[in-house]
Amino acid sequence: MYPATAADWRLLAQRRLPRFLFDYVEGGAGDEVTLAANVADFADIRLRQRVLVDVSDVDTRSQLAGQACAMPVALAPVGLAGLMARRGEVQAARAALAAGVPFTLSTVGICPLVEVVAATGQAPWFQLYMLRDRGAVRALLDAAWAGGCRTLVFTVDLPLPGMRWRDVRNGMAASGARAALLRARQVLASPGWVREVVIGGRPLSFGNLHQQVPDGRDLNAFKAWIDAQFDPGVTWRDIDWLRGQWPGKLLLKGILEVDDARAAVASGADGIVVSNHGGRQLDTAPASIAALPAIARAVGSQTELLMDGGVRSGVDVFKALALGARGVLVGRPWIWALAAQGQAGVTQLLAHWQRELLLTMTLAGVTRIADINPSHLITPQERP
Ligand SMILES: Cc1cc2nc3c(=O)[nH]c(=O)nc-3n(C[C@H](O)[C@H](O)[C@H](O)COP(=O)(O)O)c2cc1C
């Protein structure tokens with residue numbers, strides 16, 4: 001198969017990855033109601049087709065966090081991405097650079113920031129969780145700044161990791177011999193992945209946290225570190241502290257409520273990512289695209305509004321912009337493409353999305369990203 005859509009990449013990733021890793025990416029919290037709604041709510045939006053408008057010059061270029069982009073899409077931070085393909089974050093960052101879109105490196109990525117910067121010649125956006133050890137946070141901020149990062153994506157929706165039952169079933173979240181055996185069986189069924197990642201992708205440590213969690217293959221040590229270090233006591237006061245520490249752009253990721261969006265603006269953040277963490281945290285929370293319009297009405301003119309969750313095509317990018325986002329982050333689709341075909345896969349995915357966004361703009365009769373607005377959508381009242 002020549003993969004065309006996100007669903008195609010997903011299928012190829014499923015064939016390649018050990019079951020526990022595929023499900024780690026795929027899964028959401030609880031009964032995965034929010035996860036499903038993220039995608040379904042996009043599909044439910046109807047676009048207005050316009051004809052005989054001059055669309056001979058359509059341009060998908062935009063700016064995100066002050067950075068020029070070929071289209072208003074950034075790769076979302078995804079922990080353990082380097083377990084999906086050999087030096088996974090580097091391959092994806094290279095693809096993002098070539099496509100002209102930002103790449104976000106997760107706190108819990110496999111490749112360290114210095115490796116990504118050396119491979120691409122460009123600093124990515126850096127994502128951070130608040131750790132109990134504020135000295136460690138300070139050190140990570142200093143390293144990010146020294147590495148050239150100027151955009152910090154600070155994730156606020158993970159005071160504790162959500163309950164992702166697939167990880168329990170597959171032994172990903174468990175310790176002990178039985179879980180290890182279960183995972184080993186899944187690994188043995190994926191020889192291509194073992195060759196590429198386990199043997200070819202070393203060292204598999206948590207690049208940015210190598211001092212805290214030396215062995216990235218030890219998922220139990222990783223989990224123990226998360227349990228001990230993620231700080232559920234974080235409040236807006238800590239965001240004030242963070243704002244004082246970080247002179248670059250600060251985006252707060254994981255906001256779904258208007259009041260929280262207002263507080264984010266008041267905290268001095270430069271932007272907000274409307275997000276439910278890809279349906280991985282509070283199950284039955286609203287789909288991100290459903291939460292977006294009210295937040296756009298409340299703070300859209302005062303802050304840079306991004307969203308993520310369920311974006312699966314260039315058409316979805318258009319819909320998010322029409323509902324008030326300046327841009328979107330994409331999570332699982334880039335991981336699927338990476339797992340299936342590495343850098344070339346991510347490159348192909350982004351090329352297809354840019355083409356699709358351009359075509360959607362063309363058929364909707366709009367030639368500039370900044371001109372996409374709610375008038376391009378059929379309202380619920382108009383629908384038969
Ligand atoms: C496997 C996986 C790992 C993730 N790891 C992180 C992370 O380390 N930091 C973070 O802020 N968000 C993380 N996220 C959330 C993504 O950044 C993003 O919000 C989400 O994937 C968007 O939804 P989508 O997958 O439907 O595009 C992760 C998501 C997935 C699927």
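Just so it is clear, the model here is predicted, and its values are computed rather than measured. (Residues numbered from 1 in each chain as written. Predicted model: local features only at pLDDT ≥ 70, side-chain atom pairs only at ≥ 80, totals over all residues. Heavy atoms only, no water.)

Novice: Could you give an account of the sheet that holds strand 9 (residues 304-308), naming the residues involved and the relevant values?
Specialist: Reading across the sheet, the 8 strands line up as 3-10-9-8-7-6-5-4 and stay open at both edges, with parallel pairing between neighbours. Of all strands in the sheet, those bounded by a partner on one side alone are strand 3 (73-75) and strand 4 (104-105). In terms of strand pairing, strand 6 (residues 151-155) meets strand 7 (residues 249-255) through 5 bridges, oriented parallel. Residue pairing across strands places Thr 151 opposite Lys 249, the latter belonging to strand 7. (Pairing = 2+ DSSP bridges. Helix = DSSP H or I, 4+ residues; strand = E, 2+ residues; numbered from the N terminus.)

Novice: Describe the nonpolar core, and please don't skip the residues or the numbers.
Specialist: Leu 75, Met 84, Ile 272, Val 274, Ile 289, Met 307 and Trp 334 are the most contacted members of the largest nonpolar core, which has 113 residues in total. Among the elements that make up this core, the one with the highest residue count is helix 15 (residues 332-364) (14 residues). Those residues in contact with Leu 75 that lie beyond four places of it in its chain are Ala 92, Ala 96, Pro 102, Phe 103, Thr 104, Val 330, Trp 334, Val 346 and Leu 350. Counting 11 residues, the second largest nonpolar core, distinct from the first, contains Val 153, Leu 251, Val 273 and Leu 329. (Core = buried A, V, L, I, M, F, W, Y, C linked by side-chain atoms within 4.5 Å. Buried < 20%, exposed > 50% of the residue type's maximum accessible area, 1.4 Å probe, protein only. Contact = heavy atoms within 4.5 Å.)

Novice: Just give me the short version of the packing of helix 2 (residues 19-26) against helix 15, but keep the residues and values in it.
Specialist: Where helix 2 contacts helix 15, the two axes come as close as 10 Å, and the packing angle between them is 155 degrees. It follows that helix 2 is roughly antiparallel to helix 15 by the angle criterion. For the pair helix 2 and helix 15, contact is made by Phe 22, Val 25 and Glu 26 and by Arg 332, Ile 335 and Trp 336, respectively. Considered class by class, the residues forming the contact of helix 2 with helix 15 number 4 nonpolar, no polar and 2 charged. (Axes fitted to C-alpha atoms, helices over the stretch in contact; angles between N-to-C directions. Parallel < 35°, antiparallel > 145°, perpendicular 65-115°, else oblique. Nonpolar A, V, L, I, M, F, W, Y, C, P; charged D, E, K, R; others polar.)

Novice: How would you explain the environment of Val 273 if you had to name every residue and give the values?
Specialist: On the secondary structure map, Val 273 appears in strand 8 (residues 271-274). Owing to a relative accessible area of 1%, Val 273 belongs among the buried residues under this scheme. Distance from Val 273 to Leu 306, taken between C-alpha atoms, is 4.5 Å for residues 33 residues apart in sequence. Not counting chain neighbours up to four residues away, the residues in contact with Val 273 comprise Leu 252, Lys 253, Gly 254, Ile 255, Leu 306, Met 307, Asp 308 and Leu 329.

Novice: How would you sum up the pattern of salt bridges? Please name residues and give values.
Specialist: Taken as a whole and judged by the stated rule, the model has 15 salt bridges. Close ionic contact of Arg 48 with Glu 382 constitutes a salt bridge, the shortest N to O distance being 2.8 Å. Note that Arg 48 is positioned in the loop between helix 3 (33-43) and strand 1 (62-64) and Glu 382 in the segment after helix 15, a separation of 334 residues in sequence. Take Arg 48: its relative accessible area is 23%, and that puts it in the partly exposed class. Arg 243 is paired through a salt bridge with Asp 270; the nearest N and O atoms lie 2.9 Å apart. Remark: Asp 270 occurs in the loop between helix 12 (258-266) and strand 8 and Arg 243 occurs in helix 11 (residues 236-245); sequence separation between them is 27 residues. Given a relative accessible area of 29%, Asp 270 falls into the partly exposed group. Taken together, the shared-partner salt bridges in this structure form one network comprising Arg 19, Asp 23, Glu 32 and Arg 166. (Salt bridge = Lys/Arg side-chain N within 4 Å of Asp/Glu carboxyl O.)

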